[in-house]
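# An overview of the molecular structure
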Amino acid sequence: AQSVTQPDIHITVSEGASLELRCNYSYGATPYLFWYVQSPGQGLQLLLKYFSGDTLVQGIKGFEAEFKRSQSSFNLRKPSVHWSDAAEYFCAVVGGGSQGNLIFGKGTKLSVKP
Amino acid sequence: KAGVTQTPRYLIKTRGQQVTLSCSPISGHRSVSWYQQTPGQGLQFLFEYFSETQRNKGNFPGRFSGRQFSNSRSEMNVSTLELGDSALYLCASSPRRGSRETQYFGPGTRLLVL
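What counts and what doesn't
Residues numbered from 1 in each chain as written. Chains lettered and ligands numbered in written order. Predicted model: local features only at pLDDT ≥ 70, side-chain atom pairs only at ≥ 80, totals over all residues. Heavy atoms only, no water. Helix = DSSP H or I, 4+ residues; strand = E, 2+ residues; numbered from the N terminus. Rg over C-alpha atoms; globule rule 2.2 N^0.38 Å. Buried < 20%, exposed > 50% of the residue type's maximum accessible area, 1.4 Å probe, protein only. Contact = heavy atoms within 4.5 Å. Lys, Arg positive; Asp, Glu negative; His and termini not counted. Charge placed at Lys NZ, Arg CZ, Asp CG, Glu CD. Salt bridge = Lys/Arg side-chain N within 4 Å of Asp/Glu carboxyl O.

## Some details on the overall build of chain B
Counting its regular elements, chain B contains zero helices and 11 strands. Secondary structure elements of chain B occur, N-terminal to C-terminal, as β-β-β-β-β-β-β-β-β-β-β. For 114 residues, the compact-globule formula gives about 13 Å, and the C-alpha radius of gyration of chain B, at 13 Å, lands near that figure. The principal-axis extent of the C-alpha atoms belonging to chain B is close to 35 × 25 × 25 Å. Every one of the 114 residues in chain B was classed for burial, and the buried ones make up 53%. Sequence-distant contacts, at least 24 apart, represent 54% of the contacts inside chain B between residues at least 6 apart. Here chain B carries 14 positive and 6 negative side-chain charges, and the mean point of each set is 3 Å from the other.

So this is what it looks like as structure tokens:
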């Protein structure tokens, strides 16, 4: 069965520092992968997605992610974090077959130090 | 274009009661999915509706049900509420069904069961 693991429950970075959030997936075929962000009391906002092609994907708010099939990873990166990036980040993979339901990781909470 | 809207935003119920949550998808979107978010279990898929029919279902008891109307609006119902049903319920819409469709989330309905 498909699954997603986000190894880091909570990460704290200083404003202006670089960021990398880890995501590992388990899926037999080529996965469709997503990163969403959730601010307190809000729903989920799509940051970026990977379906196929170029393994480096650009998203909104200056985020990017790299798909590495050999490592079953889809890590999210940002070169310089802003205080407004503090939120919870979720990696997700689409369920198998023709179903489109998302399978989420447990999330990584990002705190930003001034 | 207006985003996904969910009503009500907050709800307090007592054990044994039932509750109905509403979701209006983005205009033109025909697929609506529901997810439950709790601190312990994270984000879990409940079900998906398309063309007024349930197309996919997660691993939840029969107390959780839903429906979709001809205008693509959807409702979910939880009967005989239990304390463990306290959660943020998120609705997501996409233009069509399928693995390659991006899901856009609403702000959620926060349900507290006392």
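## Overview of the pattern of salt bridges
Residues and elements named next belong to chain B. Considering all chains together, one arrives at 10 salt bridges over all chains under this definition. Note that E48 and R97 form a salt bridge whose closest N and O atoms lie 2.9 Å from each other. Of the two residues, E48 sits in strand β5 (residues 42-50) while R97 sits in the loop between β9 (87-94) and β10 (104-105), which places them 49 residues apart along the sequence. The class of E48 is buried, set by a relative accessible area of 4%. The shortest N-O distance in the salt bridge between E75 and R67 comes to 3.2 Å.

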